[in-house]
Amino acid sequence: MKVGIIGSGVAGIASAIRMACRGHEVDVFEANNYPGGKLSQFRLGEYRFDAGPSLFTMPSYVERLYALAGVPVEEHFSYERLDVVCNYFWEDGTRVHAYSDAEKFSEELQNKLGVDEDTVHRILKDSQRKYDICGEIFLEKSLHKFKTWVQPKILKAMLLIPTLDLFRTMNATNSGITSNPKLIQLLNRYATYNGSNPYKAPGLLTIIPHFEYNIGAFVPHGGMHNITTSLVSLAEKKGVRFHFGKKVEKINVDNRAAKSITIDGQQLAYDSLISNMDIYSTYKKLLPDVAHPERTLQQERSTSAVIFYWGVERSFPELDVHNILFSEDYKTEFEAMQKGGIYQDPTVYINITKKYVATDAPEGCENWFVMINAPHQNGQDWESMIQTARKQIIEKINRILKLDIESLIAQESLLDPRTIESRTSSHLGALYGSSSNNKMAAFMRHANFSNKIKNLYFCGGSVHPGGGIPLCLLSAKIVDEIMHE
Ligand SMILES: Cc1cc2nc3c(=O)[nH]c(=O)nc-3n(C[C@H](O)[C@H](O)[C@H](O)COP(=O)(O)OP(=O)(O)OC[C@H]3O[C@@H](n4cnc5c(N)ncnc54)[C@H](O)[C@@H]3O)c2cc1C
């Protein structure tokens, strides 16, 4: 078969590897002049920055691609586990190191927050229990195929649904585990891992800590962008052809089957097509003449982000790779976002890859990726919102870390919902496709295939099973399976 792939986001690249491993002839068309979509990098003077994702979980999903291709992963891609998953800072001076080791993390929470010794174990056990019940079937299989619903595992999962906290919010679930407001805030933060609101999203999202603690948080050697570069070279090794600066203009459908794509006015024929472009944009821009699944497309989008990339002329031993400076009022922060705004005391995330990639900043300096959650696009006055947010972020950093950060910024760049949308075609600049604020969200994401158009498949963060690198890699696996059933 000749397979055409639209977009070289991480799911597009993974799909290309899988198709090539099946022996198909594969072309990937990418609108940008570089691969990776959100998972890309750039340089500012002597500083290197990962543009988007900073947290790497489930490296085994990357390894699976190497195993499939019969290429030894260790020769091309390596990573290490973080001892401290994240450093948490509060305005009252409380600082918590979230150790990956459950014993150490328990001890830390007991010492710093006065939380019972067994709390961490209970949290992680419950998270694992939820994953064991539904993780594999709901994340690794198509929910839109009859076959999935007749597996014995699904029957067990359905019977255990009442225990999965699907019908109460994440905040209510976490408040049932602990009464400590700081720990609740720390646990509620996991809703943001797929752009959701912990006061609305179902408690099932408490499954996320299982990935970060029980399995681990990792850093790829060389930075996050190495996931992209290593997978692109793996794909090329298997014969995949990448075409950069090639924006697909249309998917041509004939007799209810996808037959070709149009690029630069030219039609290129394929036996199968996989779109890694955001599902909303795929329908609206590439398939204007077919009926659109409007109910699916109109689902609430996930949150977006405002990111400042700062080259900082100093080192900070009190900071690690991942650092969170919490808002004093988390609930109001999400309420403000829900209304399309940015709260005046936003939670600030600082990621510093220099902590593990020595060449990412000059000696004695650091590359700061400073991110706040932000609403997706809705016609806001971004110029003024970003200006205000920058001031508030700087004040917060100065207050908590007791410094004058502005005087240390040697380089600066910005990413916001507008540029996220224009650079990756993500509808409204959402980071993770549709949000998980609705308890049915997992079932309402678009399928990995079209049931109206033959030979057309979808992968990436805006379709099943959802956003984030691990799930994007699983979407490629699902496409591979259903295409070859
Ligand atoms: C700031 C930020 C922080 C994040 N943090 C994390 C994190 O810490 N951990 C994590 O796991 N995830 C994180 N994510 C989410 C993660 O980056 C995404 O879920 C994932 O990278 C999306 O991959 P994708 O395969 O859907 O493709 P995308 O990255 O969305 O790329 C799609 C590609 O398709 C191309 N394209 C679109 N239209 C066309 C067309 N018509 N023709 C040709 N090419 C086209 C685009 O140019 C783009 O390259 C973050 C995202 C952002 C933006």
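The rules behind these values
Residues numbered from 1 in each chain as written. Predicted model: local features only at pLDDT ≥ 70, side-chain atom pairs only at ≥ 80, totals over all residues. Buried ≥ 20, exposed ≤ 12 C-beta atoms within 10 Å, placed from the backbone. Helix = DSSP H or I, 4+ residues; strand = E, 2+ residues; numbered from the N terminus. Pairing = 2+ DSSP bridges. Axes fitted to C-alpha atoms, helices over the stretch in contact; angles between N-to-C directions. Parallel < 35°, antiparallel > 145°, perpendicular 65-115°, else oblique. Left-handed = near helix turned anticlockwise from the far one by under 90°. Contact = placed C-beta atoms within 7 Å. Near = placed C-beta within 6 Å. Nonpolar A, V, L, I, M, F, W, Y, C, P; charged D, E, K, R; others polar. Domains from an automatic or database assignment.

Draft legend 1. Seen up close, the pairing of strand β17 (residues 366–374). For β17, the buried fraction is high: nine of the nine residues fall into the buried class. Here strand β14 (residues 304–312) pairs with β17 via nine bridges, running antiparallel. Bridge pairing links Gly311 to Asn367 in β17. Summarising the sheet, strand β16 (residues 348–352) and β17 pair through four bridges and their orientation is antiparallel. Along β17, the bridge assignment pairs Ile350 with Val370.

Draft legend 2. Looking closely at the packing of helix α7 (residues 170–177) against helix α8 (residues 181–188). α8 packs onto α7 with a crossing angle of 140 degrees between their chain directions and a minimal axis gap of 9 Å. Our classification of the angle between α7 and α8 gives oblique. Where α7 crosses over α8, the handedness of that crossing is right-handed. Contact residues: α7 offers Met170, Asn171, Asn174 and Ser175, while α8 offers Ile184, Leu187 and Asn188.

Draft legend 3. Structural view of the site of the ligand. Taken together, 36 residues lie around the ligand, and Gly7, Gly9, Ala11, Gly37 and Gly460 are the ones closest in. Of all elements in the fold, only α1 (10–21), β2 (25–30), β14, α15 (417–424) and α17 (469–483) reach the threshold of two or more residues within the shell around the ligand. If you tally residues by element for the shell around the ligand, the top one is α1, at three residues. Of the residues belonging to the shell around the ligand, the class tally is 17 nonpolar, 16 polar and three charged.

Draft legend 4. Quick peek at the environment of Gln392. Relative to the elements of secondary structure, Gln392 occurs in helix α14 (residues 382–401). A count of 16 C-beta atoms within 10 Å places Gln392 in the partly exposed class. For Gln392 and Leu187, which are 205 residues apart along the polypeptide, the C-alpha to C-alpha distance reads 24 Å. When near neighbours in sequence (up to four residues on either side) are disregarded, Gln392 contacts Gln344, Asp345 and Pro346.

Draft legend 5. How the structure looks around the packing of α1 against helix α10 (residues 225–237). Taken N-terminus to C-terminus, the directions of α1 and α10 make an angle of 25 degrees; their axes are 9 Å apart at the nearest point. On the basis of the axis angle, α1 is roughly parallel to α10. The way α1 lies across α10 gives a crossing that is left-handed. Contacts between α1 and α10 involve Val10, Ile13, Ala14, Ala16, Ile17 and Ala20 on the former and, on the latter, Ile227, Thr228, Leu231, Val232, Leu234 and Ala235. Class assignment of the residues belonging to the contact of α1 with α10 gives a composition of eleven nonpolar, one polar and no charged.

Draft legend 6. Expanded view of the domain arrangement of the protein chain. Taken as a whole, the protein chain is organised into domain 1 (2–39 + 54–79 + 224–296 + 436–483) and domain 2 (119–219). Centre-to-centre separation of domain 1 and domain 2, based on C-alpha positions: 26 Å. Counting residues at the interface gives 23 residues for domain 1, matched by 25 residues for domain 2. Among the secondary structure elements, those contributing two or more residues to the side of domain 1 that touches domain 2 are α16 (441–444) and α17.

Draft legend 7. Seen up close, the pairing of β16. Where burial is concerned, most of β16 is hidden: five out of the five residues are buried. In the sheet, strand β15 (residues 322–325) pairs with β16 via four bridges, with the strands oriented antiparallel. By the bridge assignment, Asn323 is partnered in β16 with Ile350.

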